[in-house]
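# Analysis of the macromolecular model
Listed below are the residues making up each chain.
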Amino acid sequence: MAFQIVLNLIIAFVWMFLNNAWNGVGFLVGYMLGLLLIGGMRRFFPQRFYIIRVWAILKLIGLLFKELVRASIEVIREIVKPRLDIRPGIFTYRTQLSSDWEVTLLCLMISLTPGSLPLEISGNQRKLFIHALDIKDEEKLRNDIQNTFEKAIMEVTR
């Protein structure tokens, strides 16, 4: 991936040099031309096209912000109610992520959304113990984590 980024930057600078246009527009045109060239020759590179990973990272950040806003609204809704109707508790979540970096990122994303907090990670890093503000349906919480955060992390790292 790093090789593709450096190659794309070199193509952009060569384009600016050949056109004698040392400005942002010349760089942008050269960068887009480099994207097209690298995209057309991606079968010669052992890694996948780096823009796909960049897009996955942007989707992960967008997902985090979306979940952060959604969870914040839910917590505020619970706080404003005259009578608390919550069932806090701890549930276990078995993850498919394997590396330390992936599990750490998952824990950070879970803890950044209000109402949930990872308490402990098992020794083999496959099981997380998570405290949730309201556990109405444990299976739904597990599916939400798996279909949102874990899936997005796998798109970025694999």
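Below, the structure is looked at part by part. All residue numbers here refer to positions counted from 1 along the written sequence of the relevant chain. Only residues with pLDDT of at least 70 are given local features in this predicted model, and only at 80 or more are side-chain atom pairs given and counted; all residues enter the totals for whole chains, interfaces and linings. Only hydrogens and water are removed before side-chain values are computed, so all heavy atoms of the structure are retained for them.

## Some remarks on the overall build of the protein
Applied cut-off: Each helix is a run of H or I in the DSSP string that is no shorter than four residues. Each strand is a run of E no shorter than two, and both are numbered from the N terminus. With the radius of gyration taken over C-alpha atoms, the globule rule is written as 2.2 Å times the number of residues to the power 0.38. Per-residue accessibility, obtained with a 1.4 Å probe over protein chains only, is compared with the maximum for each type, and a residue is labelled buried under 20%, exposed over 50%, and partly exposed between these values.
Across its full length, the protein carries five helices and three strands. The helix and strand sequence of the protein, counted from the amino end, reads α-α-α-β-α-β-β-α. Taken over C-alpha atoms, the radius of gyration comes to 22 Å for the protein, far larger than the 15 Å a tight globule of 158 residues would show. In terms of its C-alpha atoms, the protein occupies a principal-axis envelope of roughly 70 × 40 × 20 Å. Burial status across the protein gives 31% buried among its 158 residues.

## Brief notes about the side chain of Thr95
Under the convention used in this document: N or O atoms within 3.5 Å of each other form a polar contact, as long as, within protein, one can give a hydrogen and the other can take it, and as long as residues adjacent in sequence are counted only when both atoms are side-chain atoms. Every residue pair with non-hydrogen atoms within 4.5 Å of one another is taken to be in contact.
As for its placement among the helices and strands, Thr95 is situated in the loop between strand 1 (89–94) and helix 4 (100–112). In terms of polar contacts, Thr95 uses its side chain to reach the backbone amide nitrogen of Leu97, at 3.1 Å. Setting aside anything within four residues of it in sequence, one finds Thr95 in contact with Leu106, Gln125, Arg126 and Glu150.

## Here we look at the pairing of strand 1
Put simply, side chains in a regular strand alternate between the two faces of the sheet. For the record, the criterion: A pair of strands counts as paired when DSSP detects no fewer than two bridges linking them.
Only one face of strand 1 is covered, namely the one carrying Gly89, Phe91 and Tyr93; the face carrying Ile90, Thr92 and Arg94 has none of its residues buried. Alignment of strand 1 against strand 3 (residues 127–132), held across six bridges, turns out to be antiparallel. Directly across from Ile90, in strand 3, lies its bridge partner His131.

## Concerning the layout of surface pockets
The line we're drawing: A cavity here means a set of points on a 1 Å grid, drawn over the protein atoms and nothing else, where a 1.4 Å probe fits but cannot get out; a pocket is an open set with protein on both sides within 12 Å along at least five of seven lines, and a residue lines either one if it has an atom within 4 Å of a point. Grid points are joined across faces, edges and corners, and a volume is the space filled by probe spheres set on the points. Side-chain classes follow a simple rule in which Ala, Val, Leu, Ile, Met, Phe, Trp, Tyr, Cys and Pro form the nonpolar group, Asp, Glu, Lys and Arg form the charged group, and the remainder, Gly included, forms the polar group.
Of the voids in this model, the largest pocket is the one considered here, and its volume is about 680 Å³. Per-element tally for the lining of the largest pocket: the top contributor is helix 3 (residues 50–80), with seven residues. For the lining of the largest pocket, the per-class residue count stands at 11 nonpolar, four polar and 11 charged.

## Looking at helix 1 (residues 2–19)
Formally: To estimate the expected span of a helix, count its residues, drop one, and scale the result by 1.5 Å. Taken from the helix axis, the directions to the C-beta atoms give the arc we talk about.
For helix 1, with 18 residues, the first-to-last C-alpha span of 26 Å sits near the 26 Å given by 1.5 Å per residue. For helix 1, the full list of buried residues reads Gln4, Asn8, Ile11, Ala12 and Met16. What you see down the axis of helix 1 is that its buried residues fit within an arc of 135 degrees, all on one side. Set apart from the buried face of helix 1 by more than 90 degrees, the exposed residues are Ala2, Phe3, Phe17 and Leu18. The positive-phi residue at the C-terminal boundary of helix 1 is Asn20, with phi of around 50 degrees.

## Regarding the nonpolar core
The nonpolar side chains of a soluble globular protein tend to be buried with one another. As a reminder of what qualifies: We call a set of buried Ala, Val, Leu, Ile, Met, Phe, Trp, Tyr and Cys residues a nonpolar core when their side-chain atoms join them within 4.5 Å.
In this structure, Leu106 and Leu128 are the most contacted members of the largest nonpolar core, which totals 22 residues. In terms of residue count, helix 4 provides more of this core than any other element does, six residues in total. Apart from residues lying up to four places away in sequence, Leu106 is in contact with Tyr93, Thr95, Leu97, Leu128, Ile145, Phe149, Glu150 and Ile153. In this structure, Ile11, Phe45, Phe49 and Tyr50 belong to the second largest nonpolar core, which totals six residues.

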